[in-house]
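Close look at the chain arrangement
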Amino acid sequence: MYPKPFGYYAPQTPVEAYELVGRLGGKAKILAGGTDLVILMKDKIISPENVIDITNIEEFQGIKYEPGKGMEIGATTKNAEVQFSEVVKQKYPALAYAAGEIGSSQVRHMGTIGGNSCNASPSAETPTPLVAYGASVVVSSATGEREMPVEEFIQGVRQIDLKEGEILTRIKLPEPSPKLAAKYAYMGARDANEIDSVNMAVALELKDDKKTVQSVKLVMGSVFIKPLISKAVPALLTGQEFSDDLVEQAAAAAQNEAKPISDVRASAEYRREIVGVLARRLLKEAFAAAQEVK
Ligand SMILES: Cc1cc2nc3c(=O)[nH]c(=O)nc-3n(C[C@H](O)[C@H](O)[C@H](O)COP(=O)(O)OP(=O)(O)OC[C@H]3O[C@@H](n4cnc5c(N)ncnc54)[C@H](O)[C@@H]3O)c2cc1C
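Position numbers for residues start from 1 in each chain and track the written sequence from start to end. For a predicted model such as this one, the threshold for reporting local features is a pLDDT of at least 70, and the threshold for listing and counting side-chain atom pairs is 80 or more; totals across whole chains, interfaces and linings nevertheless cover every residue.

What follows is about the pairing of strand E7 (residues 144-149). Partly exposed residues are those falling between the two cut-offs: more than 12 but fewer than 20 other C-beta atoms within 10 Å of their own, whereas 20 or more means buried and 12 or fewer means exposed, with C-beta atoms placed from the backbone. Where helices and strands are cited, they refer to DSSP runs of H or I of at least four residues and of E of at least two residues respectively, numbered from the N terminus. Burial within E7 is sparse, with just 0 of its 6 residues counted as buried. Here, a strand pair is defined by DSSP locating no fewer than two bridges between the strands. The loop that links strand E6 (residues 136-141) with its antiparallel partner E7 comprises 2 residues.

So, in structure tokens, the structure goes:
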């Protein structure tokens with residue numbers, strides 16, 4: 001139950017943090033909310049010599065929105081803050097909803113949005129809508145910054161594109177088109193404190209006739225080693241009048257693209273089935289919401 005002894009550092013500024021992360025390199029793990037890391041340490045699955053707690057650094061916290069430019073969410077912003085933020089709910093409702101479905105209230109008040117992507121679990125809640133909204137991450141170090149799409153940052157199970165000396169400092173979301181409607185849903189064994197068997201986000205825009213699909217993005221979670229962006233669904237729907245028949249074809253196409261595995265949470269067959277269920281539901285919900293957009 002107890003982790004092995006470790007050195008604890010709590011830098012107060014980005015400069016201090018970059019210096020520590022650079023100097024300690026592979027001998028340290030970054031600690032945000034600890035809701036993933038501390039469990040692994042207690043179970044002795046990992047035993048870092050040092051832990052660098054970045055939660056005191058103001059520059060890595062908070063939500064900023066600039067009309068026309070989009071949003072920046074500090075990496076150590078708590079998932080609960082994303083869930084309850086009025087501007088996130090208004091501009092990126094699928095993200096607010098997904099953040100609010102993580103674990104329990106306690107887990108959401110400790111865990112951070114940056115930690116959710118850095119942990120790189122295929123079943124993580126927020127990467128799926130982040131990818132649907134076209135979000136990118138900024139990783140920073142003593143020598144500068146790199147920016148990349150979330151789907152490139154997350155490379156596989158517990159694999160992220162973070163070099164020694166770097167910290168994920170913020171997540172950037174582009175200003176959503178006023179016509180965009182996005183929806184998120186998941187399936188799990190129960191409502192709280194469960195890990196998703198499958199999750200999905202759909203972002204859809206209609207042309208002015210409110211029938212023809214202008215653009216659509218469907219992102220699947222927990223059916224591949226990282227968020228999986230459907231290629232087939234946009235190919236089928238873009239430029240077409242939305243119809244039940246097309247939705248059926250799109251759901252089948254997404255099922256074909258999914259690469260689920262069987263594990264303790266669900267069989268591959270069940271996951272594939274649920275991909276079809278969620279695709280149908282979310283495409284229809286996003287279409288209805290896009291029709292309502294003024
Ligand atoms: C009971 C329980 C239920 C849960 N349910 C869900 C759920 O339903 N859905 C879900 O998605 N998750 C769930 N989680 C997992 C967890 O709460 C989230 O993944 C959370 O967002 C992790 O954030 P954290 O700040 O706690 O990360 P930490 O545990 O602090 O860190 C996680 C990993 O990311 C690295 N890291 C963190 N921040 C940074 C950074 N800024 N830069 C570089 N590396 C960084 C750490 O080194 C570590 O490897 C659950 C956890 C628990 C304990």
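Still to come is the rest of the account.
Moving on, we get to the site of the ligand. Near residues are defined by distance alone, with the backbone-placed C-beta atom required to lie within 6 Å of the molecule or strand. Near the ligand you find 31 residues, and of these Ala 32, Gly 33, Gly 103, Gly 111 and Gly 115 are the closest. Top element by residues in the shell around the ligand is helix H7 (residues 113-118). It accounts for 4 residues. For the shell around the ligand, the residue count by class is 16 nonpolar, 12 polar and 3 charged. For this classification, Asp, Glu, Lys and Arg are treated as charged, while Ala, Val, Leu, Ile, Met, Phe, Trp, Tyr, Cys and Pro are nonpolar and the rest, including Gly, are polar.

Reading across from one edge, E11-E12-E13-E14 is the order of the 4 strands in this open sheet, with antiparallel pairing throughout. If you trace the sheet from one side to the other, it starts and ends with strand E11 (180-187) and strand E14 (228-229), each paired once. The pairing of E11 with strand E12 (residues 198-206) spans 8 bridges and is classified as antiparallel. Bridge assignment links Ala 181 to a residue of E12, and that residue is Leu 204. Those strands touched by helix H12 (residues 268-292) are E11, E12 and strand E13 (213-221), and its axis lies near 30 degrees from that of E12. It is the C-beta atoms, placed from the backbone, that decide contacts: two residues are in contact if theirs lie within 7 Å. Note on geometry: axes are lines fitted to C-alpha atoms, helical ones only across the stretch in contact, with angles between N-to-C directions running from 0 to 180 degrees.

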